[in-house]
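Structural description and commentary
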Amino acid sequence: IWVESEKEKGNTFTVVLPEIANQSQMTFALSEKIVSASYYGYQLSVVCVDLKEFSNKEVLNGSGTMVFILAKRIIEKILFRSYDFVHFDSTNNILYVILVNCKMDQAENVADRICKTIKSELSESSILDIIPVSILSYPQDGATVKLLIDKSLVNMGRTKSKNK
C-alpha cells in the first residue's frame, strides 16, 4: 500500500495486488466447485468451447482476443443460474463453462444453446461454421481439476491420450 498526500490536493492511495495467473484462477474456481459437488453429492458438468481457430484470425478490431471476450459475455448472458460461471483459458483458447448440479443431458442442451447463440450473435464473422465442444462430467470424467482439464484437451485434440 502506497499513500501520497499533498496539501489542498488530497490523498492518493495505491494498492498493489499480486497478479493471479489465468490458469490458477480456473484451477482454484473449479476445485472449489468440485469440493462442493463432492460434499453435497451432486454432479458437475463442464462444457468446453474450443476457440483455437479464432486465435489465428483477425476478427473484430484486428484481434482474435476480442472474439474470446465477446463469446464469454454471450455465454454469461445465457446462463440462468448465478452459481454457474465461464472461464476463458487464454493459454489454450478454451472457454470452460462450469455448470453446478447439472447432469450430462442438461449440459448437452446448454452446449447446444451456447453454439447457436454464439453463431447468431457473431454471425457477421464467417469463421463460425463449426464450434468444437466437449462436455465433461465430475466425477465420471475425472475426480480432480487436472484430470478434467487434461481430458478436455484430449477431447479437443490438443494432446494425445496416455491410454492410446
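Residues numbered from 1 in each chain as written. Predicted model: local features only at pLDDT ≥ 70, side-chain atom pairs only at ≥ 80, totals over all residues. Heavy atoms only, no water.

The next thing to look at is the overall build of the protein chain. When helices and strands are counted, the protein chain shows four helices and six strands. Each helix (α) and strand (β) of the protein chain, taken in turn from the N terminus, gives the series β-β-α-β-α-β-β-α-β-α. Here the protein chain holds 164 residues, and 38% of them are scored as buried. A sequence separation of at least 24 residues applies to 61% of the contacts in the protein chain between residues at least 6 apart. (Helix = DSSP H or I, 4+ residues; strand = E, 2+ residues; numbered from the N terminus. Buried < 20%, exposed > 50% of the residue type's maximum accessible area, 1.4 Å probe, protein only. Contact = heavy atoms within 4.5 Å.)

Cis peptide bonds are those with omega within 30 degrees of zero, and the linkage from Tyr-138 to Pro-139 qualifies with 5°. Mapped onto the secondary structure, Pro-139 falls in the loop between strand E6 (133-138) and helix H4 (145-155). Here the phi dihedral of Asn-101 falls at roughly 50°; this positive angle occurs in a residue that is not glycine.

This next bit is on the nonpolar core. Counting residues in hydrophobic clusters, the biggest one holds 22 residues, and the most contacted among them are Val-47, Val-49, Ile-75, Leu-95, Val-97, Leu-99 and Ile-114. For this core, the secondary-structure elements that each account for two or more residues are strand E3 (44-50), helix H2 (64-78), strand E4 (85-89), strand E5 (94-100) and helix H3 (104-121). Here the element with the most residues in this core is H3; it accounts for six residues. In this structure Ile-75 touches Val-49, Val-86, Leu-95, Val-97, Ile-114 and Ile-118, once residues within four positions along its chain are discounted. Grouped together as the second largest cluster of nonpolar side chains are 21 residues, Ile-34, Tyr-42, Tyr-96 and Tyr-138 included. (Core = buried A, V, L, I, M, F, W, Y, C linked by side-chain atoms within 4.5 Å.)

Turning next to H3. The first and last C-alpha atoms of H3 sit 25 Å apart over 18 residues, in line with the 26 Å expected at 1.5 Å per residue. If you check which residues of H3 are buried, you get Ala-107, Val-110, Ala-111, Ile-114, Cys-115, Thr-117 and Ile-118. (Expected span 1.5 Å × (residues − 1).)

Here we come to H4. Every buried residue belonging to H4 is among Val-145, Leu-148, Ile-149, Ser-152 and Leu-153, and all of these are buried. The buried residues of H4 occupy an angular sector of 135° when projected down its axis, which confines them to one face. Backbone geometry just after H4 places Gly-157 at a positive phi near 75°. (Arc of directions from axis to C-beta.)

Here we come to the pattern of salt bridges. Summed over all chains, the structure comprises five salt bridges. Asp-112 is the partner of Lys-116 in a salt bridge, and the nearest nitrogen-oxygen pair spans 3.1 Å. Taken together, the residues Lys-116 and Asp-112, both in helix H3 and four residues apart, mark about one turn of the helix. For Lys-116, a relative accessible area of 56% puts it in the exposed group. Taking relative accessible area as the criterion, Asp-112 reaches 39% and is therefore assigned partly exposed. Lys-146 is paired through a salt bridge with Asp-150; the nearest N and O atoms lie 2.8 Å apart. Of the two residues, Lys-146 and Asp-150 are both situated in helix H4; the distance of four residues between them amounts to about one turn of the helix. (Salt bridge = Lys/Arg side-chain N within 4 Å of Asp/Glu carboxyl O.)

So, about the pairing of E3. Along E3, seven of the seven residues are buried, which leaves the element largely enclosed by surrounding structure. Neither face of E3 is open: one carries Leu-44, Val-46, Cys-48 and Asp-50, the other Ser-45, Val-47 and Val-49, and all of them are buried. The pairing of E3 with E5 spans seven bridges and is classified as antiparallel. The residue bridging Val-49 from the neighbouring strand is Leu-95, located in E5. In the sheet, E3 pairs with E6 via six bridges, with the strands oriented antiparallel. Within E6, the position partnered with Val-47 by the bridge is Ile-135. (Pairing = 2+ DSSP bridges.)

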